[in-house]
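# Architecture and fold: a report
Residues per chain, in single letters:
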Amino acid sequence: MKNINGFLPLNLEEALLILKHSYKNGRKVRIVAGGTDVMARGNGNQSFFLDSVLDISALKEIQEIKTCEDKIKIGAGCTHAQIAKSILLKNHASILTKASSVIGSPQIRHRGTIGGNICNASPVGDILPSLYVLNAVLTLASASQKREVPIKEFIKGPGRTIIQPDELLTEITVDMLGENEFTDYRRSATRKALAISKSSVAFRGIKKEGVLVGVKIALGSVGPVIISAHNCEKLIEGKKIDEEMLAQIPSAVQADCKPIDDLRSTKEYRSHVVGVFLAEILRSC
Amino acid sequence: MKINFNINGIVKEVDIPPQKPLCDVIREDFGLTGTKIGCREGECGACTVIMDGMTVNSCLVPAVSAEGREIITIEGLQQFPETEIINDNFKKVGAVQCGYCIPGMVMSSYALLKDNKNPTEDEIRQGLSGNLCRCTGYKRIVLAVEGAARDLNKIEGGNEDEKH
Amino acid sequence: MTKKASTPCVGQPVVRVDADDKLRGKMKYTNDYYSEDYLHGVTLRSPHPCALIKSINYDSDFDWSSITVVTADDIQGENYLDNFNKEVPFLPRNNRVNYVGEAVLLIAGPTVEIAEEAKKHIKIEYEIIEPTLNVFDSLDKKNLIYSDDNIIKEYNVNKGEPDSIFASAEEKGYCVYEGTYRTPYQEQAYIETQAMIAVPEEDGNGVTIYGSMQCPYYIRKEGNKLFPFPPENINIVQLPTGGGFGGKEHYPTLIACHAALLALKSKRKVKMVYERTEDLEATTKRHPSVIKIKTASDSEGNLLAIDSDIIFDSGAYSMASPVVLARGTIAGAGAYNCENIKIRGRAVATNLIPTSAFRGFGAPQSFFAMERHITRHAEKFGFDPAEFKRKNLLKTGDVTATGQHLVDPVALDKCINALFEKFDYPNLYKEYSKQPVNTKKRRGVGFSAVFHGAGFTGRGEDYIKAKAGVRIREDGKVELLCSTTEMGQGMRTILPQIAAETLHIPFEQVKVAKTDTKDVPDSGPTVASRTTMIVGKVLHEASKIALDTIIETLAKEYNYPKEEINCVDGIFYFNDEKICEMKDIYALLKKHSIDTSFYSRYSTPPSINWNEKTFHGDAYSGYAWAATGCEVEVDLETYEITVLRLVTACDIGKAINPILVEGQIEGGAVQALGYALTEDIIMKDGKILNNRFANYIIPTTGDVPMVEAIVVEEPFWNGPFGAKGLGEMPCVFVAPCVADAVSMATNIDVCEIPITPEKLFALSRKGEK
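Read on for a plain summary of the structure. Note that the structure is predicted; figures quoted are calculated from it, not measured.

Rules used throughout
- Residues numbered from 1 in each chain as written.
- Chains lettered and ligands numbered in written order.
- Predicted model: local features only at pLDDT ≥ 70, side-chain atom pairs only at ≥ 80, totals over all residues.
- Heavy atoms only, no water.
- Helix = DSSP H or I, 4+ residues; strand = E, 2+ residues; numbered from the N terminus.
- Rg over C-alpha atoms; globule rule 2.2 N^0.38 Å.
- Buried < 20%, exposed > 50% of the residue type's maximum accessible area, 1.4 Å probe, protein only.
- Contact = heavy atoms within 4.5 Å.
- Lys, Arg positive; Asp, Glu negative; His and termini not counted.
- Charge placed at Lys NZ, Arg CZ, Asp CG, Glu CD.
- Pairing = 2+ DSSP bridges.
- Axes fitted to C-alpha atoms, helices over the stretch in contact; angles between N-to-C directions.
- Polar contact = N/O pair within 3.5 Å; in protein donor to acceptor, adjacent residues only side chain to side chain.
- Buried area = accessible area lost by both parts, 1.4 Å probe.
- Salt bridge = Lys/Arg side-chain N within 4 Å of Asp/Glu carboxyl O.
- Nonpolar A, V, L, I, M, F, W, Y, C, P; charged D, E, K, R; others polar.
- 1 Å grid on protein atoms, 1.4 Å probe; cavity = no way out; pocket = protein on both sides within 12 Å on 5 of 7 lines; lining within 4 Å.
- Points joined across faces, edges and corners; volume = space filled by probe spheres on them.
- Phe/Tyr/Trp six-rings, centres within 6.5 Å; stacked < 30°, edge-to-face > 60°.
- Lys NZ or Arg CZ within 6 Å of the ring centre and 35° of its normal.
- Expected span 1.5 Å × (residues − 1).

This paragraph deals with the overall build of chain B. Of regular secondary structure, chain B possesses six helices and five strands. Going from the N terminus to the C terminus, chain B shows its helices and strands as β-β-α-β-β-β-α-α-α-α-α. Taking 15 Å as the expected radius of gyration for a compact globule of 164 residues, we find that chain B reaches 16 Å, a close match to that expectation. Seen through its principal axes, chain B has C-alpha atoms that stretch 50 × 40 × 20 Å. Across the 164 residues in chain B, those meeting the buried criterion constitute 68%. The contacts in chain B between residues at least 6 apart in sequence include a share of 55% that link residues at least 24 apart. Separation of charge centres in chain B, based on 18 positive and 24 negative side chains, amounts to 6 Å.

Turning next to the sheet that holds strand β1 (residues 2-7) of chain B. Residue and element names in this part refer to chain B. Overall, mixed pairing links the five strands, which are arranged β2-β1-β5-β3-β4 in an open sheet. Single-partner strands in this sheet number two, and they are β2 (10-15) and β4 (54-57). Strand-to-strand, the axes of this sheet are offset by a mean angle of 40°, without reference to chain direction. As judged from the two bridges shared by strand β3 (residues 48-51) and strand β5 (residues 70-72), these two strands associate in the antiparallel manner. Across the sheet, I50 pairs through a bridge with I72, a residue of β5. Packed onto the sheet, helix α4 (residues 102-115) meets β3, β4 and β5 and runs at close to 35° relative to β3.

With that settled, consider the sheet that holds strand β5 (residues 103-109) of chain C. Residues and elements named next belong to chain C. As summarised here, the arrangement of the seven strands in space is β3-β5-β1-β12-β9-β10-β11, forming an open sheet in which the pairing is mixed. Each edge of the sheet is formed by a strand with only one pairing partner; in this case those strands are β3 (68-70) and β11 (234-238). Averaged over neighbouring strand pairs, the angle between their axes works out to 25° when direction is ignored. Two strands pair when backbone bridges link them, and strand β9 (residues 195-200) and strand β10 (residues 207-211) are joined in this way by five bridges, in the antiparallel orientation. What sits directly across from V199, in β10, is T208.

By the element assignment, N31(C) lies in the loop between α1 (19-23) and β1 (39-45). For N31(C), the side chain forms a polar contact with the side chain of K271(C), separated by 3.2 Å.

It is worth spelling out the interface of chain C and chain B at this point. Each partner contributes to the interface: chain C provides 54 residues, whereas chain B provides 45 residues. Summing both partners gives a buried area of about 4100 Å² for chain C against chain B, and 55% of it is carried by carbon and sulfur. Looking at the side of chain C facing chain B, the largest losses of area belong to L23(C), T701(C) and M706(C), adding up to 20% of the total buried there. Summed over the shared surface of chain C and chain B, the result is 10 salt bridges. The closest approach of N and O atoms between E662(C) and R140(B), which form a salt bridge, is 2.8 Å. For the side of chain C that touches chain B, the secondary-structure elements that each account for two or more residues are α1 and α18 (658-677) of chain C. For the side of chain C that touches chain B, the element with the most residues is α18(C), which contributes nine residues. Class assignment of the residues belonging to the side of chain C that touches chain B gives a composition of 23 nonpolar, 16 polar and 15 charged.

On to the interface of chain A and chain B. With 30 residues of chain A in contact, the opposing surface of chain B contributes 34 residues. When the buried surface of chain A facing chain B is broken down by residue, M39(A), Q107(A) and R111(A) rank first, second and third, together holding 27% of it. Our count for the chain A to chain B interface comes out at one salt bridge. Between E43(B) and R191(A) there is a salt bridge whose closest N-O contact spans 2.9 Å. Inspection of the region where chain A meets chain B yields 10 residue pairs in polar contact (both at pLDDT 80 or more). At the level of secondary structure, the elements contributing two or more residues to the side of chain A that touches chain B comprise β1 (5-7), α2 (38-42), β3 (52-55) and α6 (106-111) of chain A. The element best represented in the side of chain A that touches chain B is α6(A), accounting for five residues. Looking at the side of chain A that touches chain B, its residues break down into 13 nonpolar, 12 polar and five charged.

Quick look at empty space enclosed by the protein now. Rolled over the atoms, a probe with the dimensions of a water molecule shows which regions are left empty. Residues and elements named next belong to chain C. Throughout the structure, instances matching the rule amount to 10 cavities of 30 Å³ or more. Here the largest cavity is characterised by a volume of approximately 570 Å³. In this structure, the largest cavity is lined by 38 residues; those nearest its centre are M487, Q489, S529, Q664 and G727. Elements that contribute at least two residues to the lining of the largest cavity include exactly α15 (491-503), α16 (531-558) and α18. Taken together, the residues of the lining of the largest cavity sort by class into 18 nonpolar, 14 polar and six charged. Space inside the second largest cavity adds up to approximately 100 Å³. Lining the second largest cavity we find 15 residues, and of these P89, Y99, E102, Y251 and L254 sit closest to its centre. Here the lining of the second largest cavity takes three residues from helix α7 (residues 251-266), the largest share from any one element. Residue classes in the lining of the second largest cavity are distributed as 11 nonpolar, two polar and two charged.

Evaluated as defined, the whole model comprises 28 aromatic pairs over all chains. Here the aromatic rings of F182(A) and F203(A) are separated by 6.2 Å at their centres, their planes lie at 65°, and the arrangement is edge-to-face. Taken together, the positions of F182(A) in strand β11 (residues 181-189) and F203(A) in strand β12 (residues 197-208) put the pair 21 residues apart, joining distant regions of the chain. A relative accessible area of 22% means that F182(A) is categorised as partly exposed. Judged by its relative accessible area of 0%, F203(A) is buried. Between Y177(C) and F381(C), the aromatic rings sit 6.3 Å apart at their centres with planes inclined by 85°, giving edge-to-face as the arrangement. Placement of Y177(C) in strand β8 (residues 175-183) and of F381(C) in the loop between α10 (363-380) and α11 (385-392) is noted, with a sequence separation of 204 residues between them. Cluster of aromatic residues (ring-pair linked, three or more members): F367(C), F451(C), Y620(C), Y623(C) and W625(C). The ring of F30(B) has K12(B) sitting right over it, with the charged end atom 4.6 Å from the ring centre.

Taken as a whole, this structure holds 83 salt bridges over all chains when the rule is applied. Between E275(C) and R40(B) there is a salt bridge; the shortest N-O distance is 3.4 Å. On the criterion of chain membership, the pair formed by E275(C) in the loop between β12 (270-273) and α8 (276-282) and R40(B) in the loop between α1 (22-29) and β3 is interchain, its members lying in two chains. Look at R40(B) and you get buried, because its relative accessible area is 16%.

Next up on the list: α10(C). Residues and elements named next belong to chain C. Its 18 residues give α10 an end-to-end C-alpha distance of 25 Å, which sits within 8% of 26 Å, the value for a rise of 1.5 Å per residue. The buried count for α10 comes to 16 of 18 residues, which makes it a mostly enclosed element. Within two residues after α10, G382 carries a phi angle of roughly 80°, on the positive side.

Okay, here's the thing in structure tokens:
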């Protein structure tokens, strides 16, 4: 096994200094939060661990969920289990608890983190579509500065983000849902647990006098990144939910999605199911 | 990297690469082979251990993450009276076949029952959904956990009675 | 007064003997053995489906001092498995590789990582040959890859005159229906991957191989050909095995011999454990099939003729294909009584992963096709499927496709009655037929009836003449001597139940001896649902011989009439007077110079007539029967399928241990649910793409219902206490049931498994166009 440096900082400042020094010395660092993805990818591929491993699982500062004015701040180190169980999120951003609770298995949810899921930037990440509709803003910290970036600008492509080698994702700020706001998350998967989604829909809107306004829709697993479904949003925004509108969903979905055929599903099925989910959500709200 | 492990109450410092999977530390450095390896990617759950009270796939925990945490493996689980009851129920209903998934199943069952004294069938199925078994079809494993929940409640109920 | 009878043991839900160790994590599997002494073996595999190895180049900059490499050139003996058509090589013959994942050479190093690193420093130069990647190209003989026609094996079953029935069908107004059915690969997906440890003798003149396996004597026999030393110098010890399902029948022979080759060359102990990906990419799977069926019935619903054309993809080598195909061909007409039958079975070579044994062994494919076809035939011509099936299913006295006269009771009717009592298929079928079409969710039910011939086909047992024995130990315990392996099915519990009952001693006094070829005789491989029925029978006989001998010896010793000596719970009595206990027997036998081990051998009943050439006669000495029903709910928009109920009534003769029996049925049925709904191997250019547990999708706890098993006991005259084989049958009957139920719920005609939402969706669109 490759002999590399390991770091287990106990506070954020220390972690950021390690990143800074490594960067300065040209040493590449593999950051490990829960390890659920990193360890699977590093199995049989030691070079994946780069020059050193920085474990951030002991950073208590980034493991809190709290309110801040009309926003909720979620520490990047919060586990899926923690989010799924959070009363605060259940009350004010229930879509996140729903999305977190379908990830992997209990063991995976006990370790996997929201920050890890974001930094993986996988189009199949279950938590991402919900973060898109909640207007998530990410806090990226380095030893010298802090910056805030909307999630959409953060993720550039499958597995690609704008994070810098000396930066750490520390916090995710999401909208706190208003009382009349409605959200839902649906996904299809090959089995009930331990499954990666084949396609998913995150929905947000406000029901006002029989119509939906402020509609935001994000789609997972149907493109190289999470897709903001503008055609679908436009179709639904301010319109009455009736059969006529529902009938137009499939073509709006078609216009938004860029799915592919892979081991899990087909592109036709993926877009079809997105349409089904969207219609189901609209009927139920 | 020198890392301090606390496995089943035994504290030991081991000098190993930080990315070494915890399952290998448990098996190679601590000689505890009850923790099985089936896939090394968190799918099968055969390597499930309890870390700070929660089940984790030990194949996905890098050694460095285990520093300062309390780890319980299937060997360590034997010290708890609940384990005896779980074991008895697995035996009684015939929930064990080839046995390779079983240590992981018992870990998950134990954690599930700690969390939820009266799990429904659905909750049991969810609680064990990270543990693949290819032999039993799961039915008897679910029945065993149901039985263990009943027996554990009886004992606790009994103790309550004694108190009164 | 003493008890007149021993405490019953057979038929009791005895707790399995290995459960406690397994629960506590104390059971040591192969990979649980660690030693500083071990070298670790890895395999360099072909990335090409068909190629010639032109050269093997070792990087001179790499430190090879701690590395041992074995290539085909190191093989002194015969470089092929004898069990098959003498063409499955240990390492490439004539420098040719025939599938992606075939072993090219073997490497051992002080750690897995060092061995893997060494692998990267070996460059193989290949000359690519155009591969044959599907059975139809193979049958077209685009490239010749096997013999002169690419057919590894062909069987033909002919009964009556099916051709003349079909020819006259139009004139006579018969109902004729044709269909084509497809089944996928299936991976055994045992949770413990393949693992072996080879320990060489110090003088290099022998080796002991420890590992995870189903058939120790297979390995020994092949090792004897491969290695130059005397046969007795190779010994095989089976270690606790974490599931096999057929996947540890033949392939472990290759791994064991690979480990031994490395061990003998390096003069070190060598451990080889496959990682999951390697296991998924390189080891044998269930044969994919394409099956065409044509049937004719009259207007009364009498089945008149069956014509079935079965094609199995064997992959690059025969492995067990000929015998798998035999079972598949025999099942080609389903469990139906029909005067006119034609079945053609072919196992075809391709440059793909070799297929071989998997629980069910050819029958799941054929029964899926035939049961689904009969339902379609019935529905096409307006018959109630259950009535149509019942009318035509085999009954006692009928003659099977191969001409076997079924003189023993056919328990299908019993099974169906038991099933319908718990799962009222006929009424559910009627009720669900009335469901509205335009709903979000719709239900459907399915029903299948199957047989499974236990033990080897025909007189196959004659080749092995299974030998097993009981050994009386000095402490009064009895050891069972057989090479049958425990892989989860429970033989270490069931065989002692049979022996204890026969010997009239308590269960706790009987245990199975360590599975070591040095000590135990060849009771045959642990396959073909033959453990309880065949090995159990031999042990039953051996136990009887032991008890008779003991009683005779006691009679001699004490001068009692032997008729008045009996054994109750391990204590011997003359009338009511206690003579001695089991622990005294060892000394007694020694005193009388009688061997303390008692053996028996299996012989196929003389009444079994089987002609392998014409493929005619008594295919199996005994049949297990099953009737199965299932209910599904399908979301008609997402096409997601939920299996709500799966109920099966299985006649297995006698349940030696009811809990273990039900466990076998439930587990096999769930494995078959995976086969029906999610499991498949996806390839590109012959390379397996879904090579991980994250993308080879087996059921989790959340995906399956509580399988309801009903045990029917129609005793088999030649089985121990009436028992028949059981292990494989649950993998046979599920898929057609599920396909029927999904078809009913969706009105989409399913002819292919796995039935994925994607396929249903595509089929539904096709219908619209």
